[in-house]
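Next come the chains, spelled out residue by residue.
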Amino acid sequence: QVQLVESGGGLVQAGGSLRLSCAASGRTLSAYFMGWFRQAPGKEREFVATITWSGGNIYYRESVKGRFTISRDNAKSTVYLQMNSLKPEDTAVYYCAADLDPYYSDSARRSIAYWGQGTQVTVSS
């Protein structure tokens, strides 16, 4: 069992920055791929970024490359998503995700083992 708790969402103007955190707890966390999805109103949940605990392999959604950075602090069992140059289209509820299998596509949302409760990010124009 893995528990995920997100924090760090909020309201920011376009061009601004936010950092999301996902605190993880449970057994064998090093076996899990950790990452983020997001879901805007009326849209399906979509993949944003993922990172491995041990290998550091990282994948990003194309539209966030160069603006978002995913990282992890193994000592704190926490994954971060630094979001810079935010755009109104980044507005969504952001969910932390954990799964034993690697994921880097929107369709992976159907098989993710563990989700956080979500944190709202709103970018005003």
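Below: a short report on this structure. Everything quoted here is computed from the prediction, not taken from an experiment. The residue numbers shown here count from 1 along each chain, following its written sequence. The predicted origin of the model limits local features to residues at a pLDDT of at least 70 and limits the giving and counting of side-chain atom pairs to 80 or more, whereas totals for whole chains, interfaces and linings rest on all residues. Excluded from the side-chain calculations are hydrogens and water; all other atoms, namely the structure's heavy atoms, are used.

This paragraph deals with the environment of serine 7. Segments assigned H or I by DSSP are reported as helices when at least four residues long, segments assigned E as strands when at least two residues long, and all are numbered from the N terminus. Among the secondary structure elements, serine 7 is positioned in strand E1 (residues 2-7). The sequence separation of serine 7 and serine 105 amounts to 98 residues, and the corresponding C-alpha distance is 23 Å. The residues touching serine 7, leaving out its near neighbours within four places in the chain, are Arg19, Leu20, Ser21 and Thr119. Any two residues whose heavy atoms approach within 4.5 Å at even a single point are treated as in contact.

Before going further, it helps to spend a moment on the pairing of strand E9 (residues 92-99). Burial classification: accessible surface area is computed with a 1.4 Å probe over protein chains only, and a residue below 20% of its type maximum counts as buried, one above 50% as exposed, and the rest as partly exposed. Summarising burial for E9: seven of the eight residues are buried, a large majority. Strand pairing is assigned whenever DSSP detects at least two bridges linking the two strands. Judged from the seven bridges that link them, strand E4 (residues 33-39) and E9 form a sheet pairing that is antiparallel. Along E9, the bridge assignment pairs glycine 35 with alanine 97. One ladder, built from three bridges, connects E9 with strand E11 (residues 119-124); its direction is antiparallel. For tyrosine 94, the partnering residue across the bridge sits in E11 and is threonine 119.

The next thing to look at is the state of the cysteines. Pairs of cysteine sulfur atoms within 2.5 Å are identified as disulfides in what follows. The final tally for this structure, using the stated rule, is one disulfide. Paired by a disulfide, cysteine 22 and cysteine 96 hold their sulfur atoms 2.0 Å apart. Across the S-S bond linking cysteine 22 and cysteine 96, the dihedral sits near -80°, which makes this disulfide left-handed. On the criterion of sequence distance, the pair formed by cysteine 22 in strand E3 (residues 18-26) and cysteine 96 in strand E9 is long-range, its members being 74 residues apart.

Another point: the nonpolar core. Leu4, Met34, Trp36, Leu81, Met83 and Tyr94 are the most contacted members of the largest nonpolar core, which has 30 residues in total. At the level of elements, E1, E3, E4, strand E5 (46-52), strand E7 (68-73), strand E8 (78-83), E9 and E11 are the ones that each hand at least two residues to this core. Once you skip the residues sitting within four places of it in the chain, leucine 4 turns out to touch Cys22, Ala23, Ala24, Met34, Cys96, Ala97, Ala98, Tyr114, Trp115, Gly116 and Gln117. We call a set of buried residues a nonpolar core when its members are Ala, Val, Leu, Ile, Met, Phe, Trp, Tyr or Cys and they connect through side-chain atoms within 4.5 Å of each other.

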